[in-house]
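In case you want the letters, here they are:
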Amino acid sequence: MNDPQQSAPRPQLPDSWLEVIEDEFSKPHIAHLRQFLSREKAQSLVYPPGKDMFNAFWLTPFNSVRVVILGQDPYHGPNQAHGLCFSVRRGVQPPPSLKNIFKELNQDLGIPLPNHGELTHWAEQGVLLLNTVLSVRAHQANSHRGQGWEQLTDRVINELNRRHSGLVFVLWGAAAGRKAQMIDGRRHLILRSPHPSPLSAHRGFFGCGHFSKINSHLERLGQPIIDWSLPD
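Please read these numbers as outputs of a predicted model, since none were measured by experiment. (Residues numbered from 1 in each chain as written. Predicted model: local features only at pLDDT ≥ 70, side-chain atom pairs only at ≥ 80, totals over all residues. Heavy atoms only, no water.)

Student: Sorry if this is basic, but what is going on with the overall build of the protein chain here?
Tutor: Helix and strand counts for the protein chain come out as 8 helices and 6 strands. In the protein chain, the succession of helices and strands from N to C terminus is α-α-β-α-β-α-α-β-β-α-β-α-β-α. Taken against the 2.2 N^0.38 rule, which gives 17 Å for 232 residues, the C-alpha radius of gyration of the protein chain at 17 Å falls within 12% of a compact globule. Summarising its shape, the C-alpha atoms of the protein chain cover approximately 60 × 35 × 30 Å along the three principal directions. Across the 232 residues of the protein chain, 54% fall into the buried class. Counting contacts in the protein chain only where the partners sit at least 6 residues apart, residues at least 24 apart contribute 67% of the total. When the accessible surface of the protein chain is split by element, carbon and sulfur atoms take 50% of a total near 11100 Å². Here the protein chain contributes 24 positive and 20 negative side-chain charges, whose respective centroids are spaced 5 Å apart. (Helix = DSSP H or I, 4+ residues; strand = E, 2+ residues; numbered from the N terminus. Rg over C-alpha atoms; globule rule 2.2 N^0.38 Å. Buried < 20%, exposed > 50% of the residue type's maximum accessible area, 1.4 Å probe, protein only. Contact = heavy atoms within 4.5 Å. Areas by Shrake-Rupley, 256 points an atom, 1.4 Å probe, with all protein chains shown as cover. Lys, Arg positive; Asp, Glu negative; His and termini not counted. Charge placed at Lys NZ, Arg CZ, Asp CG, Glu CD.)

Student: Help me understand the confidence of the model for the protein chain in this model?
Tutor: Predicted coordinates in areas of low pLDDT are best not read in detail. Taken residue by residue, the protein chain gives an average pLDDT of 94. The fraction at 70 or more is 96%. Scored below 50 in pLDDT, residues 1-6 makes 1 contact in the model with residues more than four places away or belonging to other chains. (pLDDT = per-residue confidence, 0-100.)

Student: Just checking my understanding: could you explain the pattern of salt bridges for this structure?
Tutor: Taken as a whole and assessed by the stated rule, the structure comprises 11 salt bridges. One salt bridge in this structure joins Asp23 and Arg155, with 2.9 Å as the shortest N-O distance. Pair noted here: Asp23 is in the loop between helix H1 (15-21) and helix H2 (28-43) and Arg155 is in helix H6 (residues 149-163), with a separation of 132 residues, a long-range link. Taking relative accessible area as the criterion, Arg155 reaches 14% and is therefore assigned buried. With a closest N to O distance of 2.8 Å, Arg162 and Glu159 form a salt bridge. Taken together, the positions of Arg162 and Glu159, both in helix H6 and 3 residues apart, correspond to about one turn of that helix. When its relative accessible area of 52% is taken as the criterion, Arg162 is described as exposed. Here Glu159 falls in the buried class, since its relative accessible area comes to 6%. (Salt bridge = Lys/Arg side-chain N within 4 Å of Asp/Glu carboxyl O.)

Student: Please clarify how the packing of aromatic side chains should be interpreted in this entry.
Tutor: Aromatic ring pairs: the centre-centre distance and the angle between the two ring planes describe each pair. As enumerated under the stated definition, the model contains 12 aromatic pairs in all. Relative to Phe205, the ring of Trp172 lies with its centre 5.2 Å away and its plane at 85 degrees, an arrangement referred to as edge-to-face. Of this pair, Trp172 sits in strand S5 (residues 168-172) while Phe205 sits in the loop between strand S6 (189-193) and helix H8 (210-220), and the two are 33 residues apart along the sequence. Here Trp172 matches Phe205 in class, with each residue buried. Within the aromatic cluster, the residues linked to one another by ring pairs are Phe86, Trp122, Trp172, Phe205, Phe206, Phe211 and Trp228. (Phe/Tyr/Trp six-rings, centres within 6.5 Å; stacked < 30°, edge-to-face > 60°.)

Student: Please explain the packing of H2 against H6 as it appears in this structure.
Tutor: In a packed pair of helices, the relevant descriptors are the angle between the two axes and the axis-to-axis distance. Two numbers describe how H2 lies on H6: the axes approach to 8 Å, and their chain directions differ by 130 degrees. Looking at the two axes, H2 sits oblique to H6. Of the residues in H6, those in contact with His29, Ile30, Leu33 and Leu37 of H2 are Trp149, Gln151 and Leu152. When its residues are assigned to classes, the contact of H2 with H6 shows 5 nonpolar, 2 polar and no charged. (Axes fitted to C-alpha atoms, helices over the stretch in contact; angles between N-to-C directions. Parallel < 35°, antiparallel > 145°, perpendicular 65-115°, else oblique. Nonpolar A, V, L, I, M, F, W, Y, C, P; charged D, E, K, R; others polar.)

Have a look at this one:
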């Protein structure tokens, strides 16, 4: 009899990530997740499209990661989510949290507010824009929580923590902040603040200075700073 784990499709990830986490895809929680997503797609819209779910990994190879920004789950409106936390495709109105991120960036570094919300330029410089859950049912935030994604993304965080040094982990909000216990603060810089949501941004996200702190940290390591501007 064939081993069902061996017959599972190879995950659509770049080799740099498969070398580190491919074995995770043979575990029971991923089998459960695949079944769950199959059922969800049969009865409702799921975001982002399947081809985009792992965009964060394709745009930021494992060995290129310098900064990790953690989000919760994808945007649940039409045409918004494309696999990078907080980011939306060009031509899509930036959601309120992203607008607040741009406001803080402007206050911190004087970078003009961009005319779009696609953060691919950050990802290509080594900023891993990782949601802890990589899919969502249309119009239902957190609807795919607890189905197996968290075990996978926790593994990602663990491997980055273990195999790299000098990374910056950016944890905005309580959900992301709970991941701090997984990170060795002696080897990495951990930046925490309230979430950029309009409900909480005024409680300490505005004025946190995280973008300048990231670049100062990279300069101390002798690395190029992140160009946080977004090309038109």
